[in-house]
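# Architecture at a glance
Single-letter residue listing:
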Amino acid sequence: MKERSDSTQPDRLEAYLDDQMDQPEREAFERTFGTDAELRAQVEFQGKIDKTLRRLFDPLPPSEDLIASLRPAASEPSEAKIPASATGGKLWQMVRLVSLTTAACLVWGWVAWFYLGSSNSASRGYAVRPLAVIYQESVERGFEPLWVCEDDRQFASTFLKRQGQGLLLRPLPEGTQMVGLAYLKAIRGTTTTLMARVDGEPVMVFVERLDRDRTLPAPSDSSGLHLYRKELASLVLYELTPLDSPHVMEFFYPVDVPNPVDIPGSDPVDIPGAGL
Amino acid sequence: MEKSRTTPPQAVSGASVPLDPEAFAALFVRSYKRFWLVAAAITGDRTHADDIVQDAALVALGKLDQFVVGTNFNAWMSEIVRRSALNVARKAQNRSTTPVDPTQLDRSNPGSATPTCEDGLALHSTGALPEHQIDFDDDVMKALRQVSEVARACILLRIVQNLSYAEIAEILQIPKGTAMSHVHRTKRVLREQLKNPFAKKLRDSEASS
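Residues numbered from 1 in each chain as written. Chains lettered and ligands numbered in written order. Predicted model: local features only at pLDDT ≥ 70, side-chain atom pairs only at ≥ 80, totals over all residues. Heavy atoms only, no water.

### Let's talk about the overall build of chain A
Tallying secondary structure elements over chain A gives eight helices and seven strands in all. For chain A, the proportion of its 276 residues judged to be buried stands at 45%. The long-range share in chain A, meaning contacts at least 24 apart out of those at least 6 apart in sequence, stands at 58%. In the form shown here, chain A has an accessible surface area of approximately 13,900 Å², with 52% of it arising from carbon and sulfur atoms. (Helix = DSSP H or I, 4+ residues; strand = E, 2+ residues; numbered from the N terminus. Buried < 20%, exposed > 50% of the residue type's maximum accessible area, 1.4 Å probe, protein only. Contact = heavy atoms within 4.5 Å. Areas by Shrake-Rupley, 256 points an atom, 1.4 Å probe, with all protein chains shown as cover.)

### Quick look at the pattern of salt bridges
Across all of its chains, the model carries 12 salt bridges over all chains by this definition. Of the charged contacts, one joins A:Asp213 and A:Arg229 as a salt bridge, the two residues approaching to 2.8 Å between their closest N and O atoms. Placement of the pair is A:Asp213 in the loop between strand S4 (201–209) and strand S5 (226–232) and A:Arg229 in strand S5, with a sequence separation of 16 residues. Residue classification places A:Arg229 among the partly exposed positions, given a relative accessible area of 22%. A single salt-bridge network, built from bridges that share partners, covers A:Glu14, B:Arg188 and B:Arg191. (Salt bridge = Lys/Arg side-chain N within 4 Å of Asp/Glu carboxyl O.)

### Some thoughts on the environment of B:Asp51
When you line up the elements, B:Asp51 lands in helix H3 (residues 49–61). Put simply, B:Asp51 and B:Ala39 are 12 residues apart on the chain and 9.3 Å apart in space, counted from C-alpha to C-alpha.

### Quick notes on the side chain of B:Ser84
All names here are of chain B. By the secondary structure assignment, Ser84 is in helix H4 (residues 73–97). Of the residues examined, Ser84 reaches a relative accessible area of 13% and is grouped as buried. Among all residues touching Ser84, those that are not within four sequence positions of it are Ile52 and Ala56.

### Side note on the interface of chain B and chain A
The accessible area lost on association of the parts is a frequent measure of interface size. Taken together, the contacts link 66 residues of chain B with 64 residues of chain A. Surface buried jointly by chain B and chain A totals about 5,800 Å² across both partners, of which 63% is contributed by carbon and sulfur atoms. Summed over the shared surface of chain B and chain A, the number is four salt bridges. The partner of B:Arg188 in a salt bridge is A:Glu14, with the nearest N and O atoms 3.9 Å apart. On inspection of chain B and its partner chain A, the count reaches 10 residue pairs in polar contact (both at pLDDT 80 or more). Of all the elements, helix H1 (residues 21–30) of chain B adds the most residues to the side of chain B that touches chain A, at 10 residues. Of the residues belonging to the side of chain B that touches chain A, the class tally is 39 nonpolar, 12 polar and 15 charged. (Buried area = accessible area lost by both parts, 1.4 Å probe. Polar contact = N/O pair within 3.5 Å; in protein donor to acceptor, adjacent residues only side chain to side chain. Nonpolar A, V, L, I, M, F, W, Y, C, P; charged D, E, K, R; others polar.)

### Looking at the nonpolar core
With 62 residues, the main nonpolar core has A:Phe57, B:Phe24, B:Phe28, B:Phe73 and B:Met77 as its most contacted residues. In terms of nonpolar packing, the next biggest core, distinct from the first, is built from 27 residues, A:Val203, A:Tyr228, A:Val248 and A:Val257 among them. (Core = buried A, V, L, I, M, F, W, Y, C linked by side-chain atoms within 4.5 Å.)

### Considering the confidence of the model for chain A
All names here are of chain A. In this model, chain A carries an average pLDDT of 75, and 71% of its residues clear a pLDDT of 70 or more. Across chain A, the element-wise mean pLDDT spans from 36 in helix H6 (residues 121–124) up to 94 in strand S3 (residues 192–198). Contacts of residues 107–127 to residues separated by more than four positions or lying in other chains number 29 contacts, the stretch itself having pLDDT below 50. (pLDDT = per-residue confidence, 0-100.)

### A closer look at the packing of aromatic side chains
With the rule as written, the count across this model stands at 16 aromatic pairs over all chains. Geometrically, the ring pair formed by B:Phe24 and B:Phe28 is stacked, given 5.9 Å between the ring centres and 20° between the ring planes. Here B:Phe24 pairs with B:Phe28, and both are found in helix H1, just four residues apart, close to one helical turn. When its relative accessible area of 0% is taken as the criterion, B:Phe24 is described as buried. On the basis of relative accessibility, which here comes to 0%, the residue B:Phe28 falls in the buried class. Each ring, one from B:Phe67 and one from B:Trp76, has its centre 5.0 Å from the other, and the planes form 50°; the classification is tilted. Each member of the pair, B:Phe67 together with B:Trp76, is buried. Members of the aromatic cluster, connected to one another through ring pairs, are B:Phe24, B:Phe28, B:Tyr32, B:Phe35, B:Phe67, B:Phe73 and B:Trp76. Its guanidinium or amino end placed over the ring of B:Phe136, A:Lys48 lies 4.2 Å from that ring's centre, counting from NZ or CZ. The positively charged end of B:Arg46 is found above the aromatic ring belonging to A:Phe57, 6.0 Å away from the centroid. (Phe/Tyr/Trp six-rings, centres within 6.5 Å; stacked < 30°, edge-to-face > 60°. Lys NZ or Arg CZ within 6 Å of the ring centre and 35° of its normal.)

### Focus: the packing of helix H2 (residues 32–43) of chain B against H3(B)
Residues and elements named next belong to chain B. Contact pair H2 / H3: the axes reach a minimum separation of 9 Å and the direction vectors enclose 120°. The two elements H2 and H3 cross, and the hand of that crossing is right-handed. Contacts between H2 and H3 pair Tyr32, Phe35, Trp36, Ala39, Ala40 and Thr43 from the former with Ala49, Asp50, Ile52 and Val53 from the latter. Of the residues contributing to the contact of H2 with H3, the split by class is eight nonpolar, one polar and one charged. (Axes fitted to C-alpha atoms, helices over the stretch in contact; angles between N-to-C directions. Left-handed = near helix turned anticlockwise from the far one by under 90°.)

### Topic: the packing of helix H8 (residues 149–159) of chain B against helix H10 (residues 176–195) of chain B
Residue and element names in this part refer to chain B. Direction vectors running N to C along H8 and H10 enclose 90°, while the axes themselves pass 8 Å from each other. Regarding the angle of H8 to H10, the classification is roughly perpendicular. Every residue of H10 that contacts H8 at Val150, Ala151, Cys154, Ile155, Arg158 and Ile159 is listed here: Ala179, His182, Val183, Thr186, Lys187 and Leu190. (Parallel < 35°, antiparallel > 145°, perpendicular 65-115°, else oblique.)

### Some points on the side chain of A:Glu208
Residue and element names in this part refer to chain A. Take Glu208: it is sitting in strand S4. Of note is the side chain of Glu208, whose polar atom sits 2.6 Å from the side chain of Thr190. Within the local environment of Glu208, its side chain forms a polar contact with the backbone nitrogen of Thr191, the two atoms lying 2.9 Å apart. When neighbours within four sequence positions are excluded, Glu208 is seen to be in contact with Gln163, Ile187, Arg188, Thr190, Thr191, Leu235 and Val236.

### Thoughts on the environment of A:Leu184
All names here are of chain A. Inspection of the secondary structure assignment puts Leu184 in the loop between strand S2 (176–182) and S3. Judged by relative accessible area, Leu184 falls into the partly exposed class, the value being 29%. As for Leu184 and Ile134, which are separated by 50 residues in sequence, their C-alpha atoms are 7.6 Å apart. Every residue in contact with Leu184, bar those within four places of it in the chain, is listed here: Ile134, Thr191, Thr193 and Met204.

Written as structure tokens, this is what we have:
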């Protein structure tokens, strides 16, 4: 093996192989390949080893049986099917709302049967799901909302009905878009979730009545998510975001809603014995 | 109704809430590959990693009340996987050193606590590999078994899963700097072993004389 006069050369090689160098350093190191054939050979050989390790240690995904054995027996609501004849725009949104409302009714019907019909309802409680899990599942499903409001009145009426206080959003800055609403049971069964994108990143804001707030665990560091809380009038807002600061909750403001519209499928459901 | 009350946003710190099975299943499936790599690294072999991770999942399911939501799920689950893998490795070690009939002793690998990689290679190959590649694969597996379990886990999580050192440190509960040292050192060892294993043995024997 060629004797190296530079005692840091092995460290530089490892740093290069491990992608620990910045761009100028990397380019300078690569220029030495022209004069150091052995260095180049080491880099190529490591590439061969890495490729072999990736192939040898590429696991198959977990089996369906394993996943089934881990999940609870309760069924999930079935995906609402949008008729092929549905068009875009308002008609599509209405059809989607009707289909999803039907699915939501089935879900709430099951929930009512499960909790009201059981003599053991007090002990079942409300299954708290970590916000990071709710977020991740939503992202994996395409970050699709349950419901897209047609106008401000529908938007404000939704929060009035579910949280007892109308809410609107001030105009959002460039790069921040509202995606829609969802009912994800994040804090309570009645929580309303606003889904948004900030510079393309999915962000969720969970809205609930202040007197129904609960202590929520912060996401772990490995989730890459941050949780922020603020109180607004009689409500509490939580923003779950991959960004270092909240970007959406600031824009909510409380409003009166003199003639609220009826929002099908937005009825909040109290679950007896569920700690609500 | 009070409308003027408002508070500035505050970052939320941790609080204790139990994990439900559905949340556990979602978190487990999402990080399944990492747990599989930890299992394969501990045993030095891929053959039983599936079973080890499955067993660990069932153990974890029975211990959900001990997990605090908001703490590091991957680190908690990886520790359970590690213990399951160590049990398997120890049993394999005991089997390989237990006297059996001479034909079985001939097929065993006395220098290793784990079976050969042939079954695993067949499991993961999608077609016939050139013979030199099969030999190289065998050599890589043998060289990998020369380093410690933690070093194996570090290099596999880094190279196969492309995890950051912060993520590796969280999963294995070691400092970031230690994880990086393991990866760099193991890469160097693998290159030396695989390029010229006889030259290395010669250098080692010369150094010790």
